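What follows is each chain in one-letter form.
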Amino acid sequence: MMLESLFSSETYNISFYKQSPAVLSVDWQEGSKWLNNQGFRESAERATAFVEQRQPKYLLINARKLNFIIVPELQEWYQKNIIPKYVKAGLEKIGVVLTGEFVADLAIKQVFSEKITLKNMQIKYFTSSDEVPEWFNVSLVKS
């Protein structure tokens, strides 16, 4: 089995694609509309723990169904507390599938703004999750 589900809730799901190079996928769900700031922090920390544990080369964040605006305070928290862990774990690329909502997408882009040190990590934004594997140069096998 190439896909391993690591965590699942009505807010988000985390999956691990075991091919080489490995990909960790975080898929936000409709239930994210019930998130508060603390819930968002906990979600980010859980996903980051899997990045640290599994050390994938690529991270796919599917925010298409994210019903939560990442306010500036949380953007700053994410930059200080999460991104350095991504860098340390050796992530090379982060592919983010945007929501299609202007304000939500702007907030997501501000999380990964140029002001932060990404070292050799690349960030790219997409409108569909189908486009991301090609940029990662992998084929994501779900079965």
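Residues numbered from 1 in each chain as written. Predicted model: local features only at pLDDT ≥ 70, side-chain atom pairs only at ≥ 80, totals over all residues. Heavy atoms only, no water.

Trainee: It is not clear to me how the pairing of strand β4 (residues 58-62) should be interpreted in this structure. Could you clarify?
Mentor: The side chains of a regular strand alternate between both faces of the sheet. Most of β4 sits inside the fold, with five of its five residues counted as buried. Going residue by residue along β4, you find Tyr 58, Leu 60 and Asn 62 tucked away on one face and Leu 59 and Ile 61 tucked away on the opposite face as well. Taken together, the five bridges between strand β3 (residues 23-28) and β4 define a ladder with parallel strand orientation. Directly across from Ser 25, in β4, lies its bridge partner Leu 60. In terms of handedness, the path from β3 via helix α1 (residues 37-54) over to β4 forms a crossover that is right-handed. Sheet topology places β4 next to strand β5 (residues 93-97); five bridges connect them, and they run parallel. (Buried < 20%, exposed > 50% of the residue type's maximum accessible area, 1.4 Å probe, protein only. Helix = DSSP H or I, 4+ residues; strand = E, 2+ residues; numbered from the N terminus. Pairing = 2+ DSSP bridges. Right-handed = clockwise from strand over helix to strand, strands pointing away.)

Trainee: Just to check I follow, could you spell out the pairing of β5 for this structure?
Mentor: Most of β5 sits out of view: five of its five residues are buried. Here β5 shows a buried face lined by Lys 93, Gly 95 and Val 97 and a second buried face lined by Ile 94 and Val 96. In the sheet, β5 pairs with strand β6 (residues 122-126) via five bridges, with the strands oriented parallel. Counterpart to Gly 95 in the pairing with β6 is Lys 124.

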